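# Architecture and fold: a report
Each chain, written out:
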Amino acid sequence: MALKHFRTLAPIFGVTYRSKTFGLSINARLLPVRFNSTAAGGETEAAAGQTVVTERRGCVVTVGINRPEVRNAVNQETARRLLEELEAFDSDPDLNVAVLHGKGGNFCAGYDLKELANHTASLKLEQDVTKGPGPMGPSRLQLSKPLIAAVGGFAVAGGLELALLADLRVVEESAVMGVFCRRFGVPLIDGGTVRLPHVIGLSRALDLILTGRPIGAQEALAYGLANRVVPDGQALQAALQLAEEISSFPQQCLRADRSSAMYSCYDAPSFTQAMQYEMDHGVPVILAEAVTGATRFTSGAGRGGKFS
């Protein structure tokens, strides 16, 4: 259950929080304590000292936030590295899908508030969203290929915004999501107020945005915020399996359909223009991939709805 993570969030949030939602009762007193834990099982030598670590697995790449001592809260260096790695993924012709995750049991607890409090003068925020990255790094990107978030532990505040950057979210049973920054006057400026209403609807989004309350995995699934719920400790593996499945499909067609869905949701000024965009980007795929696919079907592949 999500309750177990409230015992470990004290180093970041020193508050009392009570919530009853979806049958989940949370009543936890969070007090500041000294925190010295590291990633579960310890860090690999290669990962030590790196705020973001990546691993290629065929046509899939994993991008891991590696600051477990602060629940993977993002500082300026981490934000820069996340942006670099996701831009590199998007431009690499040999990669089809990326999986974003957090090392050490938590996805991301948002922006590092200690850095915000103690190093305000060094923070550089580009207010023009067309000219630079967001505070969390890659939040202003419009990726051309699928990104999956493997969510365990906390995905709150800016961490929730990073999860919303993904096309799909695989969430562990005890994960906690929410706009926890509500309590400290830290605004959502990494796409949270833009993407969340599109993902779960305005009414539900406002519930989370205005109250800052935690949301567990089952409620997130019911809302559409989570696409899959898996046992604790299995989000990354499940996300990798999903990524490999998506990577196995004809990619030009998949990306054209994905692009059309994104355009329809965020950019299309009218239904007619959304339909035109779909047609304009779909027609070139017919000769490139659909004819070959139709030939495979006539030869017996995929009959009866089989995917293998």
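Presented here is a report on the structure given in the accompanying data block. (Residues numbered from 1 in each chain as written. Predicted model: local features only at pLDDT ≥ 70, side-chain atom pairs only at ≥ 80, totals over all residues. Heavy atoms only, no water.)

### A word on the packing of helix α4 (residues 192–200) against helix α5 (residues 202–211)
Between α4 and α5, the least distance of the axes is 7 Å, while the angle of their chain directions is 130 degrees. Between α4 and α5, the angle is such that the two are oblique. Where α4 crosses over α5, the handedness of that crossing is right-handed. Listed contacts from α5 to Thr193, Leu196, Pro197 and Ile200 of α4 are Leu202, Arg204, Ala205, Leu208 and Ile209. A class-by-class count of the residues in the contact of α4 with α5 yields 7 nonpolar, 1 polar and 1 charged. (Axes fitted to C-alpha atoms, helices over the stretch in contact; angles between N-to-C directions. Helix = DSSP H or I, 4+ residues; strand = E, 2+ residues; numbered from the N terminus. Parallel < 35°, antiparallel > 145°, perpendicular 65-115°, else oblique. Left-handed = near helix turned anticlockwise from the far one by under 90°. Contact = heavy atoms within 4.5 Å. Nonpolar A, V, L, I, M, F, W, Y, C, P; charged D, E, K, R; others polar.)

### Topic: the sheet that holds strand β4 (residues 60–65)
With mixed pairing, 6 strands are arranged side by side in an open sheet as β3-β4-β5-β6-β8-β11. Looking at which strands have only one partner, the edges of the open sheet turn out to be β3 (52–57) and β11 (228–230). Each strand of the sheet is rotated relative to its neighbour by a mean of 20 degrees, with strand direction disregarded. Contacts from helix α1 (residues 76–91) reach β3, β4, β5 (97–102) and β6 (147–151) within the one sheet, and its direction differs from that of β4 by about 175 degrees. (Pairing = 2+ DSSP bridges.)

### Focus: the packing of aromatic side chains
Using the criterion set out here, one finds 2 aromatic pairs in the structure. Across from the ring centre of Phe89, 4.8 Å away, lies the NZ or CZ of Lys145, which sits over that ring. (Phe/Tyr/Trp six-rings, centres within 6.5 Å; stacked < 30°, edge-to-face > 60°. Lys NZ or Arg CZ within 6 Å of the ring centre and 35° of its normal.)

### So, the environment of Arg213
With respect to the helices, strands and loops of the structure, Arg213 is situated in the loop between α5 and β10 (215–216). When its relative accessible area of 9% is taken as the criterion, Arg213 is described as buried. Separated by 36 residues in the primary sequence, Arg213 and Met177 have C-alpha atoms spaced 8.5 Å apart. Separated by 2.9 Å, the side chains of Arg213 and Asp207 make a polar contact. Among the polar contacts made by the side chain of Arg213, one reaches the side chain of Glu219 at a distance of 2.8 Å. (Buried < 20%, exposed > 50% of the residue type's maximum accessible area, 1.4 Å probe, protein only. Polar contact = N/O pair within 3.5 Å; in protein donor to acceptor, adjacent residues only side chain to side chain.)

### Some thoughts on the sheet that holds strand β9 (residues 176–178)
Strands sit in the order β7-β9-β10 across an open sheet of 3 strands; the sheet is mixed. Edge positions in the sheet fall to β7 (154–156) and β10, since each of these pairs with one other strand and no more. Pairing analysis gives 3 bridges linking β7 to β9, with the strands arranged parallel. Note on β9: the bridge partner recorded for Val156 is Gly178. Here helix α3 (residues 158–165) sits on the sheet and contacts β7 and β9; the angle it forms with β7, its principal contact strand, is near 90 degrees.

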